[in-house]
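Descriptive analysis of the structure
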Amino acid sequence: MPRAGTVVILAAGQGTRMKSRAPKVLHAMCGRPMIGYVLDQARALEPERIVLVVGQGADEVEAAVRDAGDAEGVVFVRQEEQLGTGHAVQVCLPELRESAGPVVVLYGDMPLLTEESLTALCEAQARAGASLLTATPERPRGFGRIVRAEEGAVRAIVEEKDASPEELALREVNLGVYCFDKDALLSALPRLSNDNAQSEYYITDLIAILIEDGVQPEAVVLEDEREAIGINTLGHLAEARAAIQERILERHLAAGVHIEDPATTYIDHGVAIGAGTKILPCTVIRAGVEIGSGCEVGPFTHLRVGTVLDDGAEVGNFTEAKKARVGSGTKAKHLTYLGDVTIGRKTNIGAGTIVANYDGKLKHKTVIGDNAFVGSGTVLIAPVRVGDGALTGGGAVVTRNSEIPAGEAWVGVPAKPLARRKNAEDEK
Ligand code: UD1
Ligand code: MG
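Basis of the calculations
- Along every chain, residues carry numbers that run from 1 in the direction the sequence is written.
- A letter from A marks each chain and a number from 1 marks each ligand, given out in the order of writing.
- Reporting in this predicted model follows two pLDDT cut-offs: at least 70 for local features of residues, and 80 or more for side-chain atom pairs to be given and counted; totals over whole chains, interfaces and linings ignore these cut-offs and use all residues.
- The basis for every side-chain value is the complete set of heavy atoms in the structure, and neither hydrogens nor water enter the calculation.
- Numbering of helices and strands starts at the N terminus; helices are DSSP runs of H or I of at least 4 residues and strands are runs of E of at least 2.
- All radius of gyration figures rest on C-alpha atoms, and the globule criterion is 2.2 Å times the number of residues raised to 0.38.
- Note on classification: 1.4 Å probe, protein chains only; a residue is buried when its accessible area is under 20% of the maximum for its type, exposed when over 50%, partly exposed between these limits.
- Using a 1.4 Å probe, accessible areas were evaluated by the Shrake-Rupley method; residue-level cover was limited to the displayed protein chains.
- A positive count includes Lys and Arg, and a negative count includes Asp and Glu. His and the chain ends are not counted in either.
- To locate a charge, the coordinates of NZ of Lys, CZ of Arg, CG of Asp or CD of Glu are taken.
- For Na, K and Ca the donor cut-off is 3.2 Å, and for all other metals it is 2.8 Å, counting N, O and S atoms only; because water is absent from this set, sites may look incomplete.
- When we say a residue is near a molecule or strand, we mean one of its heavy atoms is within 4 Å of it.
- Here a polar contact means two N or O atoms within 3.5 Å. Within protein one must be a hydrogen donor candidate and the other an acceptor candidate, and residues neighboring in sequence count only if both atoms are side-chain atoms.
- Summarising the geometry, the arc corresponds to the directions from the helix axis toward the C-beta atoms.
- The contact rule is simple, with two residues in contact once any of their heavy atoms fall within 4.5 Å.
- Between Lys or Arg on one side and Asp or Glu on the other, a salt bridge is scored when a side-chain nitrogen of the former is within 4 Å of a carboxyl oxygen of the latter.

Another point: the overall build of the chain. Per the secondary structure count, the chain includes 10 helices and 33 strands. The C-alpha radius of gyration of the chain comes to 28 Å, more than 25% above the 22 Å expected for a compact globule of 428 residues. If you line up the chain on its principal axes, its C-alpha atoms span 100 × 40 × 40 Å. Expressed as a percentage of its 428 residues, the buried residues of the chain come to 51%. Carbon and sulfur atoms make up 50% of the accessible area of the chain, which totals about 19,000 Å². Positive and negative side-chain charges in the chain, numbering 45 and 59 respectively, have mean positions lying 10 Å apart.

Turning our eyes to something else, we now look at the coordination of the magnesium ion (ligand 2). Coordination of the magnesium ion (ligand 2) by the protein is provided by D109 (OD) and N232 (OD1), with metal-donor distances spanning 2.4 to 2.5 Å. With D109 in the loop between β6 (103-107) and α5 (115-128) and N232 in the loop between β11 (218-221) and α9 (234-254), this pair connects stretches of sequence that are 123 residues apart.

Surveying the vicinity of ligand 1 reveals 25 residues, the closest of which are Q79, T85, Y107, E159 and N174. One of the backbone N or O atoms of N174 is found 2.6 Å from an oxygen atom in ligand 1. Burial of ligand 1 by the protein chains amounts to 90% of its free accessible area of 760 Å². Of all the secondary-structure elements, those providing two or more residues to the shell around ligand 1 are β1 (6-11), α3 (85-90) and β10 (173-180).

The next subject is helix α2 (residues 58-67). Of all the residues in α2, the buried ones are A58, V61, E62, A64 and V65. One face of α2 carries all of its buried residues, which in axial projection span an arc of 165°. Exposed residues on α2 whose side chains face more than 90 degrees from its buried face are D59 and D67. On its buried side, α2 packs onto α1 (34-44), β4 (49-54) and β5 (74-78). G69 sits one or two positions beyond α2 and adopts a positive phi of about 75°.

Let's shift gears to unusual backbone geometry. The amide bond that connects A382 to the next residue, P383, takes the cis arrangement and shows omega of 0°. Within the element layout of this structure, P383 appears in the loop between β27 (379-381) and β28 (384-386). Phi at R141 takes a positive value of approximately 50°, unusual for a residue other than glycine. Along the chain, the position of R141 falls in the loop between β7 (130-135) and β8 (145-148). Judged by its relative accessible area of 22%, R141 falls in the partly exposed class.

In this section: the pattern of salt bridges. Considering all chains together, one arrives at 22 salt bridges under this definition. The shortest N-O distance in the salt bridge between R32 and D70 comes to 3.6 Å. You can see R32 sitting in strand β3 (residues 32-33) and its partner D70 sitting in the loop between α2 and β5, a full 38 residues away along the chain. Assessed through its relative accessible area of 9%, R32 is described here as buried. For D70, a relative accessible area of 11% translates into the label buried. The salt bridge involving R141 is made with E239; its shortest N-O contact spans 3.2 Å. Highlighted residues: R141 in the loop between β7 and β8 and E239 in helix α9, separated in sequence by 98 residues. E239 gets classed as partly exposed once you look at its relative accessible area, which sits at 34%. Here the residues in one salt-bridge network are R32, D40, R43 and D70, joined through shared partners.

Nothing here speaks to function; it is all geometry.
Printed below as a string of structure tokens:
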């Protein structure tokens, strides 16, 4: 397929309609900032370079993209004043001159577009010289309308705020995704004007300018309009999150993960799950968690950052785990908190066990060995170590810095070795 020379992503806008201080493109969807999904779209086109236009919250956006490991091959360009989507492309002129090949423009607030749609966009550009994605959704949601000539050719894009009543009634809308011949774009860009309702330089006016120049842009009409969600409000964000969630769950199902009830299962982007694992209802699995094969998770389980379940581990009802390594065949099935803990193989964590990892100031680590038995209602006040084959009695409180040697049984409050407690009682 024809590949892009440069992909420009516009992400400098304020996102005022989100009613939030955070830059719009950093709002998280399934554990990943919105902009991450858009960078994936750009990468799928294998361009020579990706230009990310930043402005509002530019430092924050740049830092977040770098922190997420998404900055490779990305050139950040500052648009100091946000004078419109056309202006945002104008500030990229020096970068655009650098590479050959067509220029794709994406908006940072459209995270659901698929590689197939972008490929169709690039193919249309190769035929026509310029192309854009459109759709005919039920609700136009404030999108620009596509004006076509009688014989069907695209004539112009009219923004909702500038549209006449007849234009408002048009069903086909502009999705804000374009592919231009580089030279045609460079020649048209300086001719944008801001003579419109918002006094902004609109990228959408490029369509009419290109037609004047003898280039007839081709519209690619999306069949699945759900791809076309442009996120302008928190309501749109929730809608798009659900769509991304659906895609993530579909991928796991196709890979052999048994998800009993997708409707109540929340799995972030970037979670690895082995085939044959069962995910039971009402379960939340956060970004970066790794789950082996043949595990069982849920119902009502919350697996948080840094948690790893080895093959065959089972973490069940009302159990929360954070930075927990749960060994192969180990079970923690009921009402348990596992924080900052490494647990070996085939260990049983009894109902109501709490690993108390936080002393009010610092978090501490707990290590539990293989084949151990942690009795119901045990509180392990970190840091503690429980050796291989060791046992705690029901309701034991294992105080900080305790080390239960392999094979020993500790009981009581505070927990003491079973044998030593007996001796102490004999002396009375
Ligand atoms: C835009 C389109 C509209 C289309 C809709 C699809 C224009 C003029 N209108 O409207 O036809 O139907 O998207 O979602 O393009 N941005 C900048 N710098 C600026 C202004 C915006 O980088 O000066 C960025 C924003 O961060 C955002 C994107 O461009 O990612 C689109 O801006 P937005 O304000 O959301 O445009 P819409 O009103 O949605
Ligand atoms: Mg928008």
